[in-house]
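# Close look at the chain arrangement
Listed below, chain by chain, are the residues.
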Amino acid sequence: RLGLRLKLAMLDLLAEREPRVRHIFTSNAETNAHMIGINEILGYRVIGRTERSWELPASSVVKA
């Protein structure tokens, strides 16, 4: 779960330093099932098919 913990730490830092951010975009390879799973766990939604781009409303990031 290192990838998940790292992504959560990045989201916490972003929320702290850039509170006006409204959306967070990320992308990953179609073959990276582990990161796709992490994005799904965090609540990102697919917004593009070719490169599998994701978006997460910043307001949905809950500080752990």
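What counts as what
Residues numbered from 1 in each chain as written. Predicted model: local features only at pLDDT ≥ 70, side-chain atom pairs only at ≥ 80, totals over all residues. Heavy atoms only, no water. Pairing = 2+ DSSP bridges. Helix = DSSP H or I, 4+ residues; strand = E, 2+ residues; numbered from the N terminus. Core = buried A, V, L, I, M, F, W, Y, C linked by side-chain atoms within 4.5 Å. Buried < 20%, exposed > 50% of the residue type's maximum accessible area, 1.4 Å probe, protein only. Contact = heavy atoms within 4.5 Å.

Within the open sheet, the three strands sit side by side as S1-S3-S2. Their pairing is antiparallel. The strands lining the two open edges of the sheet, one partner per strand, are strand S1 (23-27) and strand S2 (45-46).

Grouped together as the largest cluster of nonpolar side chains are ten residues: Leu-4, Leu-11, Ile-24, Ile-36, Ile-38, Leu-42, Tyr-44, Trp-54, Leu-56 and Ala-58. Elements represented by at least two residues in this core include exactly helix H1 (2-17), helix H2 (33-42) and strand S3 (53-57). Among the elements that take part in this core, H2 stands out by supplying three residues, more than any other. Residues within four places of Ile-24 in sequence aside, it is in contact with Leu-11, Leu-14, Tyr-44, Trp-54, Glu-55, Leu-56, Ala-58 and Val-61.

Let us now look at the pairing of S3. Taken across its five residues, S3 has four buried, putting it largely inside the fold. As paired elements, S1 and S3 share five bridges and run antiparallel to each other. Residue pairing in the sheet places Thr-26 in a bridge with Trp-54 of S3. Across two bridges, S2 lies against S3 in antiparallel orientation. Residue pairing in the sheet places Arg-45 in a bridge with Glu-55 of S3.

Just distances and angles here, no functional claims.
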